[in-house]
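Fold and geometry: a report
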Amino acid sequence: MEIQKENRKPKPISSPKLQETSAWKHFDFLCKNYILSGLEDDLYNVYSGVKTSKELWIALEKKYKTKDAELKKFVAAKLLDYKMVDNKSVITQVQELQVIIHDLLAEGLVINEAFQVAAMIEKLPPLWKDFKSYLKHKGKEMSLEDLIVQLRIEEDNKTADKRGRGNSTIMGAIIVEREQKEEEDF
């Protein structure tokens, strides 16, 4: 009897631990390259030598978290430095302030509505001094929407007053001019 030798490939020695390790290496490779693919070419060259996705993530976080902190400070300074002027619509300026506040909120800074209202009132232009005082001494707490409505009404009233004064001045000048012509004609 002849014993036949079977040509079988040897079975690889595998253990669950080895499979987990190779799967982890594969997914780490994919993750690292996915992150690298989102970088600009210059940055890709800088970070492509990093060994693991975790090291890459930590390195990028260190670099860009600092910039985030700078951005928060910049946007906060923008709010603090903002000044309203008399020769521009108050509503337009309020909208500019709302954009700045939205940027602060987007950066993760928390600003409650009462503070937003107080900041907008405080930043009203010099010619609005009386209305500013009126708003500050109002007993009831006001929402941002209510403030904007109040400001819009007041701005419309101020615009109407200017037009009315302008028209009466023009009408007065016309009357004076007519009277002068009539006197000259006599």
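Residues numbered from 1 in each chain as written. Predicted model: local features only at pLDDT ≥ 70, side-chain atom pairs only at ≥ 80, totals over all residues. Heavy atoms only, no water.

**Describing the packing of aromatic side chains**
- Within this structure, the stated rule accounts for two aromatic pairs.
- Ring plane angle 35° and centroid distance 5.6 Å describe the contact between F131 and Y134, whose orientation is recorded as tilted. In this pair, F131 and Y134 are both assigned in helix α6 (residues 129–136), three residues apart and thus about one turn of the helix distant.
- Judged by its relative accessible area of 10%, F131 is buried.
- Clustering of aromatic rings is evident, with ring pairs tying together W128, F131 and Y134.
- The ring of W128 carries K158 above its face, with NZ or CZ at 5.1 Å from the centroid. (Phe/Tyr/Trp six-rings, centres within 6.5 Å; stacked < 30°, edge-to-face > 60°. Helix = DSSP H or I, 4+ residues; strand = E, 2+ residues; numbered from the N terminus. Buried < 20%, exposed > 50% of the residue type's maximum accessible area, 1.4 Å probe, protein only. Lys NZ or Arg CZ within 6 Å of the ring centre and 35° of its normal.)

**Looking at α6**
- When we look at burial in α6, the residues that qualify are F131, K132 and L135. Seen from one end, α6 has its buried residues packed into an arc of 105°, which puts them on one side. Looking at α6, the residues exposed on the side facing more than 90 degrees away from the buried face are K129 and D130. (Arc of directions from axis to C-beta.)

**Quick notes on a negative patch on the surface**
- A cluster of acidic residues, E113, E141, E145 and D146, forms a negative patch on the protein surface.
- Residue placement: E145 occurs in helix α7 (residues 144–185).
- When its relative accessible area of 64% is taken as the criterion, E145 is described as exposed. (Patch = residues over 30% accessible without salt bridge, like charges linked within 9 Å, V, L, I, M, F, W, Y side chains within 5 Å. Areas by Shrake-Rupley, 256 points an atom, 1.4 Å probe, with all protein chains shown as cover. Salt bridge = Lys/Arg side-chain N within 4 Å of Asp/Glu carboxyl O. Lys, Arg positive; Asp, Glu negative; His and termini not counted. Charge placed at Lys NZ, Arg CZ, Asp CG, Glu CD.)

**Considerations on a nonpolar patch on the surface**
- A cluster of nonpolar residues, F27, F29 and L30, forms a patch on the protein surface that exposes about 340 Å² of accessible area.
- Looking at the element boundaries, F27 is found in helix α1 (residues 16–37).
- Looking at F27, the relative accessible area reads 56%, which means it is exposed.

**Brief notes about the confidence of the model for the protein**
- Of the residues in the protein, 78% have a pLDDT of 70 or more, and the chain-wide mean is 82.
- The secondary structure element of the protein with the lowest average pLDDT is α7, at 73, and the one with the highest is helix α5 (residues 113–122), at 94. (pLDDT = per-residue confidence, 0-100.)

**Some words on the nonpolar core**
- Core analysis: the biggest nonpolar cluster contains 24 residues, and L135, L147 and L151 have the highest contact counts within it.
- Counting residues per element, the ones that place at least two in this core are α3 (53–81), α4 (90–106), α5, α6 and α7.
- Top element by residues in this core is α4. It accounts for seven residues.
- Those residues in contact with L147 that lie beyond four places of it in its chain are V117, M120, I121, L135 and M142. (Core = buried A, V, L, I, M, F, W, Y, C linked by side-chain atoms within 4.5 Å. Contact = heavy atoms within 4.5 Å.)

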